[in-house]
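Overview (structure and organization)
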4 protein chains.
Amino acid sequence: MLGNYRIRTDLALEETERFSEENVEIRGVEVSESYDEEKDVRTTVVKITTENGAHAMGRPQGSYITIEAPNLSLPDEDYHREISKEIARHLAQLIDLDKEQSVLVVGLGNSAITADSLGPHVVENLRMTRHVIREYGLKSMGEEKMHQTSGIIPGVMAQTGMETSEIVQGVVEETKPDVVIAVDALAARSTRRLNRTIQITDTGINPGSGVGNHRNGLTEDNLHVKVIGIGVPTVVDAATIVHDSMAHLLDALDEREQKEFLEEMISPHLHSMFVTPKDVDETVKYLSFTISEGLNMAFLGEEARV
Amino acid sequence: MLGNYRIRTDLALEETERFSEENVEIRGVEVSESYDEEKDVRTTVVKITTENGAHAMGRPQGSYITIEAPNLSLPDEDYHREISKEIARHLAQLIDLDKEQSVLVVGLGNSAITADSLGPHVVENLRMTRHVIREYGLKSMGEEKMHQTSGIIPGVMAQTGMETSEIVQGVVEETKPDVVIAVDALAARSTRRLNRTIQITDTGINPGSGVGNHRNGLTEDNLHVKVIGIGVPTVVDAATIVHDSMAHLLDALDEREQKEFLEEMISPHLHSMFVTPKDVDETVKYLSFTISEGLNMAFLGEEARV
Amino acid sequence: MLGNYRIRTDLALEETERFSEENVEIRGVEVSESYDEEKDVRTTVVKITTENGAHAMGRPQGSYITIEAPNLSLPDEDYHREISKEIARHLAQLIDLDKEQSVLVVGLGNSAITADSLGPHVVENLRMTRHVIREYGLKSMGEEKMHQTSGIIPGVMAQTGMETSEIVQGVVEETKPDVVIAVDALAARSTRRLNRTIQITDTGINPGSGVGNHRNGLTEDNLHVKVIGIGVPTVVDAATIVHDSMAHLLDALDEREQKEFLEEMISPHLHSMFVTPKDVDETVKYLSFTISEGLNMAFLGEEARV
Amino acid sequence: MLGNYRIRTDLALEETERFSEENVEIRGVEVSESYDEEKDVRTTVVKITTENGAHAMGRPQGSYITIEAPNLSLPDEDYHREISKEIARHLAQLIDLDKEQSVLVVGLGNSAITADSLGPHVVENLRMTRHVIREYGLKSMGEEKMHQTSGIIPGVMAQTGMETSEIVQGVVEETKPDVVIAVDALAARSTRRLNRTIQITDTGINPGSGVGNHRNGLTEDNLHVKVIGIGVPTVVDAATIVHDSMAHLLDALDEREQKEFLEEMISPHLHSMFVTPKDVDETVKYLSFTISEGLNMAFLGEEARV
């Protein structure tokens, strides 16, 4: 392992791998894994249960569910529908859907940068019901029970002059949803996880995470309602792949030597570079559709439509 | 004139023409006009000064400035810069720019419908300074005085499940701008005004106006700060052009006969149709750029860039 | 009927209605109609069989199949799949698919103008096989028989400096397809037909037709291979709706009086205006997907995918 | 240097650096460099003059002009105009503009993949004159002499089912231009060159080059007219940055050892990954505008417009 030279990842799962490589067990962090062979879907749940665990993992206490589905980057409609169902199933465990809920979905990220446009695309694909239910009542939807969905694409600070959290706080105070779901593109540490992994967490969005590095996060602390974060890694820092390729070279060195070696090796220039799959434009579209269908299923009880 | 059968227009100027056709003068409504021959720009100011005037005009008391510039729909960069300057000049009269202001620009409309995408495009082209000034101070901008600009594209109700006014109210309460500028695509009554007319008003955005028919408006009443509305007509109701073509046919009829005649003549189907110039996709881009440059000039003191 | 004052339509079906209004039968023009009540789809076949018929109809001899499906403008995935099957079925009657064919699909129109972007969108949605079959053989596709599909989006003259027919002729000569399918957005005479009508014809694309008015057409005459035209009306000339609204007013006048009356009534300005449904941006996407799925089914034997 | 383990670059300049690192001089390759300090623009001309030089360099005989302009990725309108002028100046040396020329500009690449969309964007920004001059004569342009410009965006093989070279050959045979200018996004070896380097060459486009790896090139050999290639590197192979970071580590090893070492080190997975700057979406727009303005200046004698 590479000592203090911590490579950034937004996936809690990848953070735990850092420890497991060293056969270190962290108190306050529980990891459980299940594998659906038929669908080739691996689901890992990382639970951070103590302040000590949170410190070691560099992220807040809570549950981090990771769905790894290698075929997610392929355009197989049936497979994507299965994953949408998985997302809906996990959301139903995190939110009490027996009572009617009002849900605000926030599509984080910059829609003008492909790798960062996952969140906006998800909100574009969602079916909104809040305004109809409030105006005409539930019966107008032909349903006995239905959750109220609303959504916003707040943009990024360079586009708006405002912190994303300011915009979302204002909208939350005004429209008073019961729960916020924030969707964002993430940075991973391994290129193998790009566009085929979905992380769902009840801790919201951490400050400094995401492709665009949100300064403030979206959390229950600042929004005063439950916040679920849903993310897909779409990029790896360019410096990371150099780092990873050399990992086993460095085993012989002590921590300080490693750090010095890497600082010399990895050009600072690389930190303004992304590594991204060649087909990122296409896969971001598939993935955002799969997530929005998962949300539609969870809250509106429907199957996918065109 | 066509009696009670009122054809919708978002331009106060067109509303006054209804009266002038009949040589009726309305108390509480003042109209003044100036014409710049060199630039071929006609500026009309309609002032509604009394409750009676507001009732007759069907819109609130305040000033409605209309810039008519026939060449606006052509891609002549120099001409557009002149119009940007005109916009900046009018804004400087409506807002006290001697003291530093915090300005929130709201881009109304549906970015997925070309004719309704003016507002979103304007906000995309704006330079935002609020976050920089708040983080690093004015000096970081290399200026002694600069206004704080921020912007938001709230989307439309079908996309968000929320009233636009709810979103903007939340953002205004959270970020506390001194003035809101709301930009919107409008419906005109005459196809000759499409894409070559800009209306600036200190009354904000009226309920029911715009291409997309905002249910609630954005006004000082609901936002509790000054609201300037800027609009460009990009569509005419399809029913209107039928109506206009037949106007002089109808002169012989009394009001009730006219109404009956028109109701029979104009298929209800037409009301879901737009009339729009063939080149609307291109001109909406030019126009939104011209308006955003006008705002940049007014608040950032700059000339146009790429 | 309105005498010589001929309103433009790209639909042969609408041309025949001109005559049927007058109870005139045209020799050399056969019209047959069928209606599927369950699906609410009306199919009309107009056959122009003589030079006389061609002259009266103002278009070349051949078959013009019109599918009218009122629900086409709604986002009902199952309904659209039914229409895709209808398209595939008609193509199978126009092209001998028992032998392997090489098919070039040409997406006509200007992708920067929503109402004219149907053709480009269709080609974007198509699955191409020609390059795979030529490189790796049929077996690589896992099929015993499969047609070779290729496609091009030639752009419009203002974008390319070339006649569309020059580009397509060059590509046809170089790649030698057996049949060309040209897809285009059309102008209709009735707003009720917009976005819910598909015309398929074995006469190709006529000169002067389409939203963008192609100067030269794409026909067997200039391409030297069979040309099938597929079109959907997305606009109506603004002048037309005025004309239609007044049609029965004019019954009392003779032809010359009608013409004079209309010329005075319809502002020349209107001829640079479109009438288009408010949701044209969304429906053009649905429709292009439906047509491309019809082509995929006809040539690749597949069902729709995401 | 890294022996036979050749890292791909589309820049001739980078290929020469491979030799200069080793202080090897290649017969048949001449390199000359000039630097404009005021504009901070470095221009390098690599001339491959013999078959031996072509073999060593892995690309055909001819001239390769490289403009390196560090500020190209910034939105400084004046700076971009200077670079447009540089491009126009170099083109005037490669093409005899004293006589009237007919120029076909080909925008290579996949417009749906941001990093590969440079070519299509350039053609979108160009002013076309061929159709106007052919229809109305030179006088209609208000000029005594003007070159005929036309352009095409052929798409990529997966979108069209055709080799790009087939499409361009067909169009060239049909429209008979005097010279073809092919614009393409390139792969570089150094991330420092991304989006700030322009290569102009009289050898056309080499087979296997470009972000999308064109199988056949566009050369005088297959088009039978002069072909100028213009390219900008927008991506680096992900494997390359690992390779470069380790370069000096490897100095101690012999060629075979290096190769083995690298093959083990660089995951095959990396070869489907791009490294690209975070702001690639925005800079590709600036750059394509700069190149199209360079072409407009060269052939139409104009300054930039909106």
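Refer to the structure presented above.
Residues numbered from 1 in each chain as written. Chains lettered and ligands numbered in written order. Predicted model: local features only at pLDDT ≥ 70, side-chain atom pairs only at ≥ 80, totals over all residues. Heavy atoms only, no water.

1. A closer look at the relation of the copies chain B and chain A
Superposition of chain B onto chain A requires a rotation of 180° combined with a translation of 0.0 Å along the rotation axis, giving an RMSD of 0.1 Å. Taken together, the rotation angle and the small translation identify this as a two-fold axis. Residue Gly 170 of chain B of chain B places its C-alpha closer to the rotation axis than any other residue of that unit, at 1.9 Å. Taken together, the interface assignments show that 100% of the residues at the interface of chain B recur at the interface of chain A, consistent with an identical surface on both copies. (Least-squares fit on C-alpha atoms with pLDDT ≥ 70 in both. Contact = heavy atoms within 4.5 Å.)

2. Considering the interface of chain B and chain A
Taken residue by residue, the interface counts 26 residues in chain B and 26 residues in chain A. Interface of chain B and chain A: buried area, both sides summed, is about 2,000 Å²; carbon and sulfur atoms make up 51% of it. A per-residue breakdown of the area chain B buries against chain A is headed by Met 162, Glu 166 and Glu 174 of chain B, which together make up 26% of the total. Across the contact surface, chain B and chain A share four salt bridges. Residues Arg 134 of chain B and Glu 166 of chain A are paired through a salt bridge, measuring 3.8 Å at the closest nitrogen-oxygen approach. For the pair chain B and chain A, the number of links is eight residue pairs in polar contact (both at pLDDT 80 or more). At the level of secondary structure, the elements contributing two or more residues to the side of chain B that touches chain A comprise helix H5 (130-136), strand S5 (148-152), helix H6 (157-160) and helix H7 (164-175) of chain B. (Buried area = accessible area lost by both parts, 1.4 Å probe. Salt bridge = Lys/Arg side-chain N within 4 Å of Asp/Glu carboxyl O. Polar contact = N/O pair within 3.5 Å; in protein donor to acceptor, adjacent residues only side chain to side chain. Helix = DSSP H or I, 4+ residues; strand = E, 2+ residues; numbered from the N terminus.)

3. Thoughts on the interface of chain A and chain D
Listed by partner, the interface residues are 28 residues for chain A and 28 residues for chain D. Carbon and sulfur atoms supply 63% of the area that chain A and chain D bury against each other, a total of about 2,500 Å² over both sides. Taken together, the connections running from chain A to chain D amount to zero salt bridges. Counting every contact that joins chain A to chain D gives five residue pairs in polar contact (both at pLDDT 80 or more).

4. Let's talk about the side chain of Thr 44 of chain C
Residue and element names in this part refer to chain C. Position of Thr 44 among the secondary structure elements: in strand S2 (residues 41-48). On the basis of relative accessibility, which here comes to 1%, the residue Thr 44 falls in the buried class. Once residues within four sequence positions are removed from consideration, Thr 44 is found in contact with Leu 13, Val 31, Ser 32, Glu 33, Tyr 64, Ile 65, Thr 66 and Glu 68. (Buried < 20%, exposed > 50% of the residue type's maximum accessible area, 1.4 Å probe, protein only.)

5. What to know about helix H1 (residues 12-21) of chain B
Across the ten residues that make up H1 of chain B, a large majority, seven, are buried. Inspection of H1 of chain B places Ala 12, Leu 13, Glu 14, Glu 15, Thr 16, Arg 18 and Phe 19 of chain B among the buried residues, and these make up the whole buried set.

6. Concerning helix H10 (residues 255-265) of chain B
Burial in H10 of chain B covers these residues: Gln 258, Phe 261, Leu 262 and Met 265 of chain B. Considered in projection along H10 of chain B, the buried side chains sweep an arc of 95° and stay on one side of the axis. H10 of chain B presents Arg 256 and Glu 264 of chain B as exposed residues on the side facing more than 90 degrees away from its buried surface. Where H10 of chain B is buried, its residues contact helix H9 (238-246) of chain B together with helix H9 (238-246) of chain C. (Arc of directions from axis to C-beta.)

7. Overview of the packing of helix H7 (residues 164-175) of chain A against H7 of chain B
A packed helix pair is summarised by two numbers, namely the angle formed by the two axes and the spacing between the axes. In the contact formed by H7 of chain A and H7 of chain B, the axes pass within 7 Å of each other and the chain directions differ by 120°. Between H7 of chain A and H7 of chain B, the crossing angle belongs to the class labelled oblique. Crossing handedness for the pair H7 of chain A and H7 of chain B: right-handed. On H7 of chain B, the residues that touch Glu 166, Ile 167, Gln 169, Gly 170, Val 171, Glu 173, Glu 174 and Thr 175 of chain A of H7 of chain A are Glu 166, Ile 167, Gln 169, Gly 170, Val 171, Glu 173, Glu 174 and Thr 175 of chain B. Tallied by class, residues from the contact of H7 of chain A with H7 of chain B come to four nonpolar, six polar and six charged. (Axes fitted to C-alpha atoms, helices over the stretch in contact; angles between N-to-C directions. Parallel < 35°, antiparallel > 145°, perpendicular 65-115°, else oblique. Left-handed = near helix turned anticlockwise from the far one by under 90°. Nonpolar A, V, L, I, M, F, W, Y, C, P; charged D, E, K, R; others polar.)

8. Considering the nonpolar core
Residues and elements named next belong to chain D. Ranked by size, the top nonpolar core spans 46 residues in total, and within it Ile 181, Ile 198, Ile 230, Leu 295 and Phe 299 carry the most contacts. Those elements that provide at least two residues to this core are strand S3 (62-68), helix H3 (77-94), strand S4 (102-107), helix H4 (118-125), strand S6 (179-188), strand S7 (197-201), strand S8 (226-237) and helix H11 (280-300). Examining the composition of this core, we find that seven residues originate from one element, H11, more than from any other. Those residues in contact with Ile 181, other than ones at most four positions away along the chain, are Leu 91, Ile 95, Val 103, Leu 104, Val 105, Val 106, Ile 228, Ile 230, Leu 295 and Phe 299. (Core = buried A, V, L, I, M, F, W, Y, C linked by side-chain atoms within 4.5 Å.)

Treat this as a map of the structure, not an account of what it does.
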